[in-house]
Structure formats: structure tokens, C-alpha cells
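Chain and residue survey
This is what each chain is made of:
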Amino acid sequence: MRKMFKIISVSMCSVLIIICVLIVIIFVNHRINLSKENKDFIPNGQMVNVNGYNMHIYTEGDGDIPLVFMAGGGTSSPTLDFKSLYTLLSDKYKIVVIEKFGYGFSDVVNTQRDVESILNDTRKALSLANIKGPYVLFPHSISGIEALYWAQQYPKEIKGIVGLDMAVPEAYENYKINIPMIKIGAIASKLGVTRLIPSLSESDAIKYGTLTDNEKKLYKTIFYRRTATSTMIDEVIEVKNNANKVSKNSMPDIPVLMFVSNGVDTGWNETDWRNIQETTIDKFQNGEIVYLDCSHYVHDIEYKKIAESSISFIKQIETN
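Residues numbered from 1 in each chain as written. Predicted model: local features only at pLDDT ≥ 70, side-chain atom pairs only at ≥ 80, totals over all residues. Heavy atoms only, no water.

**Re the overall build of the protein**
For the record, the criterion: The secondary structure listing takes helices from DSSP runs of H or I that are at least 4 residues long and strands from runs of E that are at least 2 residues long, numbered from the N terminus. For the radius of gyration, the atom set is restricted to C-alpha positions; the globular benchmark scales as 2.2 Å times the number of residues to the power 0.38. Note on definitions: a residue-residue contact is assigned when non-hydrogen atoms from the two residues lie within 4.5 Å. Only the protein chains shown count as cover for residues, with accessible areas throughout obtained via the Shrake-Rupley method and a probe of 1.4 Å. Charge convention: Lys and Arg are scored as positive, Asp and Glu as negative, and His as well as the terminal groups of each chain are ignored. For this purpose, a charge sits on NZ of Lys, CZ of Arg, CG of Asp or CD of Glu.
Assigned secondary structure in the protein consists of twelve helices and eight strands. Compactness check: the protein gives a C-alpha radius of gyration of 21 Å against a globular reference of 20 Å for 320 residues, within 12% of the reference. Dimensions of the protein, computed from the C-alpha atoms along their principal axes, are close to 85 × 45 × 35 Å. Sequence-distant contacts, at least 24 apart, represent 78% of the contacts inside the protein between residues at least 6 apart. With the model as given, the accessible surface of the protein reaches about 15,400 Å², and the carbon-plus-sulfur share is 54%. Charged side chains of the protein number 34 positive and 36 negative; the gap between the two group centres comes to 10 Å.

In C-alpha cells form, the structure reads like this:
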């Protein structure tokens, strides 16, 4: 019996040693690749200093109305993620992509992620970049909370909202967020385990959008640096509180156009997800919903339809 126990113990130790060696090899390989990729990790927009940290803002086009694109939670590269859509709009409007802290080329920081702090960062970054409103906001997913709060607190700064399957307060009331799993993903990213599964870096922007081969390569370079960052995780941890703050205020009296997916990748089934959006749009005096038969990253898939409808929507805003 003792002999068998000893054999089992030795076997377990051997397995643990092998696992540790593999982890070290994976991590070293990751660090080597990060070093090689440094030459590609170069901001293609403007860096502004917000409270001592660098935030990246990408702009394109020279129109009178700035369209501010706001990324969904965990989107590694907002600038490239929205590209398929905003390139269809930049000949008419000024495109502005905000990369929040922890996203894209912006710094990963350990600062408050309550909605007030996130919005203050965004507004200060726009001011430093000399981009003046009023704006039309294009929030995707989690940024819908910030966009609604922005319009509630500073209504004169917002001409309208174009929701890209945006989150609304009701979406988080009964939503279960698996923080431990998210943190496991963060550890895997830091160790470089994500490099062993190439499909993980194949975002919808890469699979369905209009990115060039070089842009796809850059997206992957950013992905290995900006996946489940600590700042992103802090934002997710705080999102229910942020949603609750928005729900306590009445919806702003502004035009809203909401593009709504079929619920895939939202954590909700199609019926529930669309019911949530419909409940919200009913609270606006001037609100419209466009249903899309595609998954959550609608702007990477139905970018042509979204661009056409957005142009019509913005023209209506301009004439009113």
C-alpha cells in the first residue's frame, strides 16, 4: 500500500513539474513574441494625457458633427473594431474613436471605473484633443451605459445616440457576471496561453469586416496586450452599479436610433434581449429600433446597413 502511494505521489509530482515547465515555456514564448511585436504596437491616432496616463483617440474625416465611437467591454482594439463602419461615414462626418483606459493603445490603469470617472476621462480626452461637441454617440454594448449617463448629465453635448447593440440598465438587472472566469481569462492572457488558440484572436472585425491584412495583423498584436486587462475587469465589476445610476434618472430627451442583434453573444436569448431594448426605446420621445439578424458585434457584420440608416438618422437631426 505504501509502495502504491509512493508511486502515485511521484507520478503527481512529475505531472506538476511537467505542467510548470510547459507554463514557463509558454510564458517565455509569449514575452519573446511581445518583444518582437513592439515595432507594430504604434498608435495610429493621438495620445493625450488624462490625469497622468496616456489615452488614445483616433480621428478621421472633417465633418461638422463629430461621431464618437465607444467600445464594447473587452474589445481589444476599438479603432480597428469600428473601422468597417466608420470608413463609410468619414466622408461626411468627423470620426472619433475613444479608446478607454485598458483598451487599444491606451494605458492599463488602476483607477476608479464608476461611470462618472469613465465619462470624466472621455470628456477630458476630447477637450485635450480639441474635439468639440455637440456629438452623436455610437456606443457598443457596455458603453451604452456611459452614453446614456453622458446624455443625462450633459444634454447640451449630445445631439443623438446611435446604439450598436448597446447595453441598457435593464440588461444588467438579472445578469450574472462570471468574474472568476474573466479573471482566469486574464491570467491565461498574461501567461500567453491565448497564443496557443489562434481562433481567440479572430475577432468579428477580422472575420467579417473590411480590415486589410496589415490591419488584421495589428489587431492580433493588440489582442495579445489588451485582453481582459485589469482595467477592463474593474469596469465589468462596476457595471451593475453604473447601470443602476443611469436607471435612477429619466432618459434624456434626444433622438435615439438603436440597432439590435439577435442576442447571440450577449448572454441573452433573442426574445429577452430584444424585449429589453424595446422597453428602453419606449422611454424616449424620439426613438427607433432597427432589428438585425446577426450577433452582438453588429457593426462588424451589418456595417453597410448601419451606415445607410445612420446617415439618414443624422440628417434628420441636422434639420430639426
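**Details of the packing of aromatic side chains**
Let me state the cut-off plainly: Here is the rule: rings of Phe, Tyr and Trp (six-membered ring for Trp) pair when centre to centre is within 6.5 Å. Planes less than 30 degrees apart are stacked, more than 60 are edge-to-face, and the remainder are tilted. For every residue, the accessible area (1.4 Å probe, protein chains only) is compared with the maximum for its type, and the residue is labelled buried under 20%, exposed over 50%, or partly exposed between those bounds. Should the NZ of a Lys or the CZ of an Arg lie within 6 Å of a ring centre and within 35 degrees of the ring normal, that charge is described as sitting over the ring.
According to the stated counting rule, one finds ten aromatic pairs in the structure shown. Measuring from centroid to centroid gives 4.9 Å for Phe41 and Phe105, while their planes differ by 45°, and the two rings are tilted. With Phe41 in the loop between helix 1 (2-37) and strand 1 (46-50) and Phe105 in the loop between strand 4 (94-99) and helix 4 (115-128), the pair connects residues that are 64 residues apart, well separated along the chain. Relative accessible area serves as the criterion here: at 5%, Phe105 is assigned to the buried category. Judged by centre distance (6.1 Å) and plane angle (90°), the rings of Tyr172 and Tyr175 are edge-to-face. Overall, Tyr175 belongs to the partly exposed group, its relative accessible area being 23%. Within the aromatic cluster, the residues linked to one another by ring pairs are Tyr58, Phe69, Phe82, Tyr86 and Phe138. Taking NZ or CZ as reference, Arg195 lies 4.1 Å from the ring centre of Tyr224, over its face.

**A look at the sheet that holds strand 3 (residues 66-70)**
So the rule is basically this: Strands are labelled as partners when DSSP assigns at least two bridges between them. Every angle, taken between N-to-C directions, lies between 0 and 180 degrees, and every axis is a line fitted to C-alpha atoms, over only the stretch in contact when it is a helix.
Taken in spatial order, the eight strands of this open sheet run 1-2-4-3-5-6-7-8, and their pairing is mixed. Pairing within the sheet leaves two strands with one partner each, and these edge strands are strand 1 and strand 8 (287-291). Taking each pair of neighbouring strands and ignoring which way they run, the sheet shows an average axis angle of 20°. Relative to strand 2 (residues 53-60), strand 1 runs antiparallel, the two sharing five bridges. Bridging from a neighbouring strand, Val48 pairs with Met55 of strand 2. Helix 5 (residues 143-153) rests against strand 3, strand 5 (135-139) and strand 6 (158-164) of the sheet, and its axis sits at about 155° to strand 5. Its contacts with the sheet place helix 10 (residues 270-281) against strand 7 (256-260) and strand 8, and it is angled at close to 160° to strand 8.

**Comments concerning unusual backbone geometry**
Here the residue pair Gly133 and Pro134 is connected by a cis peptide bond, since its omega of 5° sits within 30 degrees of zero. With respect to the element layout, Pro134 can be found in the loop between helix 4 and strand 5. In this structure, Asn130 is a non-glycine residue whose phi angle is positive, near 60°. Turning to its location among the elements, Asn130 is positioned in the loop between helix 4 and strand 5.

**What about the pattern of salt bridges?**
Selection criterion: For this document, the term salt bridge refers to a Lys or Arg side-chain nitrogen within 4 Å of an Asp or Glu carboxyl oxygen.
Inspection of every chain in the model, using the stated rule, returns 13 salt bridges. A salt bridge links Glu37 to Arg195, with the shortest nitrogen-to-oxygen separation between them at 3.0 Å. Here Glu37, found in helix 1, pairs with Arg195, found in the loop between helix 6 (179-191) and helix 7 (204-208); they are 158 residues apart in sequence, far enough to count as distant. With relative accessibility at 14%, the residue Glu37 sits in the buried group. Through salt bridges that share partners, Glu37, Arg195 and Arg225 make up one connected network.

**Observations concerning the layout of surface pockets**
Applicable threshold: For each structure, a 1 Å grid was placed over the protein atoms alone; sets of points admitting a 1.4 Å probe that cannot get out are labelled cavities, open sets with protein on both sides within 12 Å along at least five of seven lines are labelled pockets, and lining residues have an atom within 4 Å of a point. Grid points are joined across faces, edges and corners, and a volume is the space filled by probe spheres set on the points. Residues are grouped as follows: Ala, Val, Leu, Ile, Met, Phe, Trp, Tyr, Cys and Pro are nonpolar; Asp, Glu, Lys and Arg are charged; all remaining types, including Gly, are polar.
For the largest pocket, the calculated volume is near 1,300 Å³. Lining the largest pocket are 43 residues, and of these Gly73, Gly74, Thr75, Ile182 and Tyr297 sit closest to its centre. Counting residues per element, the ones that place at least two in the lining of the largest pocket are helix 6, helix 7, helix 8 (213-223) and helix 9 (230-247). Considered class by class, the residues forming the lining of the largest pocket number 21 nonpolar, 16 polar and six charged. Roughly 220 Å³ of internal volume is contained in the second largest pocket.

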